[in-house]
Amino acid sequence: MTTAGVLLDVIDLHGEVTELGLDLPGVMDLVVRKVLDLVQAQGAAIELADGDSMVYRAVAGSASGQLGLRVDRANSLSGLCIATGSWLKCDDTLVDDRVDLVACKAVGVRSMIVVPLSHRGQCVGVLKAFSSEPGHFSDGDAAVLGLLSRVVGTTMYWATRYGESDLFHRATHDDLTGLANRALFMDRLHAAIAAARRQEARLAVMLLDMDGLKQINDGHGHAAGDATLMEFSARLNQVVGERELAARLGGDEFAVLLAHAGEVDDIYALEQRLRATLAQPFEVAGLQLRLSASWGVAQFPRDADDADELLALTDERMFKAKRARKTLAEGGQADGGLFI
């Protein structure tokens, strides 16, 4: 891509960012997707520092399966980038002692480039691009990533300038509902599975899909739809309890991580509480609306041995429950969930 083409793409990106407003997770997702084309990378990620770890908060391309994963800050190129505050390039991971070679081999990374992300004068994370080819990136690519990192940094600043929430809350929570977002949910899920393996314990995941949100949006407007999402989220958060995690993954899709209550009795009790709270209608703009959802549940390690398999099975069960609801005769009562 020519220099002029790159600049035009960056200008277009600024327009898309403006449309997203203060949606920090949305901006981060947009930027990592843009990286793939601008520097011809196979994968891209935004990692934010969290204590001694770097956490993948936005991913694209071949990095898509790494959302929420943590890497050791002290033994990674990303951690060194934060420590030095300057961009770094690795031409070949096989001969570069600054990288975590085991991790790079696991995901097929041979070259990478990382640039720092700054928020209010402090380096808080990195924007990273990588490739399976050695020597793939140039110094010019670093300049392009530097432009994109400024877009993210500016959004970080304005997203937290006037709000009470700090940077990491905005990066890990859904603006509309206040629930955890997909990045935080995946972070907690990976950590919970690792802990369950060590302790030989169980955990469970529930995926939920709201029923009828499109009809509410179409019939009563998006303000009513947003109010429905917020009410659903509030009720879900109430029935989950303080030790578990409820998240909005996007649109009308939600999730619950039961890291401390993964037994069958715990899951059944949660489902009963959920049915009871969704049975109660609520009012918005003089309208009385009803809430409903379909869900699926799966356990670790009984049903699956890793996060991807667990979520895939839970998703499959959720859609099976949704199809079952649709086949019921009008006026029938459907069981919203499916746990096998």
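In this text, all values refer to a predicted model and were calculated from it rather than measured experimentally.

**Student:** What should I look at first to understand the packing of aromatic side chains in this one?
**Tutor:** A ring pair, where both rings are aromatic, is described by two values, the distance of the centres and the angle of the planes. Tallying each qualifying case throughout the model produces 1 aromatic pair. Measuring from ring centre to ring centre gives 4.8 Å for phenylalanine 232 and phenylalanine 254, while their planes differ by 50 degrees; the resulting arrangement is tilted. Separated by 22 residues along the polypeptide, phenylalanine 232 in helix H9 (residues 222–240) and phenylalanine 254 in strand E9 (residues 253–258) bring together distant segments of the chain. Each member of the pair phenylalanine 232 and phenylalanine 254 is classed as buried.

**Student:** What is the right way to look at the nonpolar core in this model?
**Tutor:** Most often, soluble globular proteins keep nonpolar side chains buried together rather than apart. Met112, Phe185, Leu189, Leu203, Val205, Leu257 and Leu310 are the most contacted members of the largest nonpolar core, which totals 45 residues. Those residues in contact with phenylalanine 185 that lie beyond four places of it in its chain are Val205, Leu245, Ala247, Leu249, Ala255, Val256, Leu257 and Leu311. Residues Ala58, Leu127, Leu145 and Ala159 belong to the second largest nonpolar core, which totals 32 residues.

**Student:** Quick question: what am I supposed to make of the side chain of serine 294 here?
**Tutor:** Structurally, serine 294 can be placed in strand E12 (residues 293–300). With a relative accessible area of 0%, serine 294 lands in the buried category. A distance of 3.2 Å separates polar atoms of two side chains, one belonging to serine 294 and the other to aspartate 211.

**Student:** How do you make sense of the packing of helix H7 (residues 182–199) against helix H11 (residues 307–327) when you look at a structure like this?
**Tutor:** The description of two packed helices rests on the angle between their axes and on the distance between the axes. Here H7 crosses H11 at 115 degrees, and the two axes come no closer than 10 Å. Residue-level contacts link Phe185, Met186, Leu189, His190 and Ile193 of H7 to Ala307, Leu310 and Leu311 of H11. Class assignment for the residues of the contact of H7 with H11 results in 7 nonpolar, 1 polar and no charged.

**Student:** Would you explain the pairing of strand E8 (residues 245–250) in this entry?
**Tutor:** Regular strands place their side chains on alternate faces of the sheet. Counting buried positions over the 6 residues of E8 gives 5, a clear majority of the element. As paired elements, E8 and E9 share 5 bridges and run antiparallel to each other. The residue bridging alanine 247 from the neighbouring strand is alanine 255, located in E9. Between E8 and E9, which pair antiparallel one after the other, the connecting turn spans 2 residues, and glycine 251 there sits at a positive phi close to 60 degrees.

**Student:** It is not clear to me how the confidence of the model for the protein should be interpreted in this structure. Could you clarify?
**Tutor:** Atomic detail in the predicted coordinates should be set aside for any region of low pLDDT. Averaged over all residues, the pLDDT of the protein is 85; the fraction at 70 or higher stands at 88%. Mean pLDDT values for the elements of the protein range from 49 in strand E13 (residues 337–339) up to 96 in strand E4 (residues 88–90).

**Student:** Would you mind going over the pattern of salt bridges with me for this structure?
**Tutor:** Once the charged atoms of two side chains with opposite charge are near each other, the side chains can pair. For the structure on display, the rule yields 17 salt bridges. A salt bridge links aspartate 187 to arginine 57; the nearest nitrogen and oxygen atoms lie 3.4 Å apart. With aspartate 187 in helix H7 and arginine 57 in strand E2 (residues 53–61), the pair connects residues that are 130 residues apart, well separated along the chain. Taking relative accessible area as the criterion, aspartate 187 reaches 4% and is therefore assigned buried. According to the relative accessible area criterion, arginine 57 is buried, its value standing at 7%. Salt bridges here are not isolated pairs; linked through shared partners, they connect Asp50, Arg57, Arg70 and Asp187.

Basis of the calculations
- Residues numbered from 1 in each chain as written.
- Predicted model: local features only at pLDDT ≥ 70, side-chain atom pairs only at ≥ 80, totals over all residues.
- Heavy atoms only, no water.
- Phe/Tyr/Trp six-rings, centres within 6.5 Å; stacked < 30°, edge-to-face > 60°.
- Helix = DSSP H or I, 4+ residues; strand = E, 2+ residues; numbered from the N terminus.
- Buried < 20%, exposed > 50% of the residue type's maximum accessible area, 1.4 Å probe, protein only.
- Core = buried A, V, L, I, M, F, W, Y, C linked by side-chain atoms within 4.5 Å.
- Contact = heavy atoms within 4.5 Å.
- Polar contact = N/O pair within 3.5 Å; in protein donor to acceptor, adjacent residues only side chain to side chain.
- Axes fitted to C-alpha atoms, helices over the stretch in contact; angles between N-to-C directions.
- Nonpolar A, V, L, I, M, F, W, Y, C, P; charged D, E, K, R; others polar.
- Pairing = 2+ DSSP bridges.
- pLDDT = per-residue confidence, 0-100.
- Salt bridge = Lys/Arg side-chain N within 4 Å of Asp/Glu carboxyl O.

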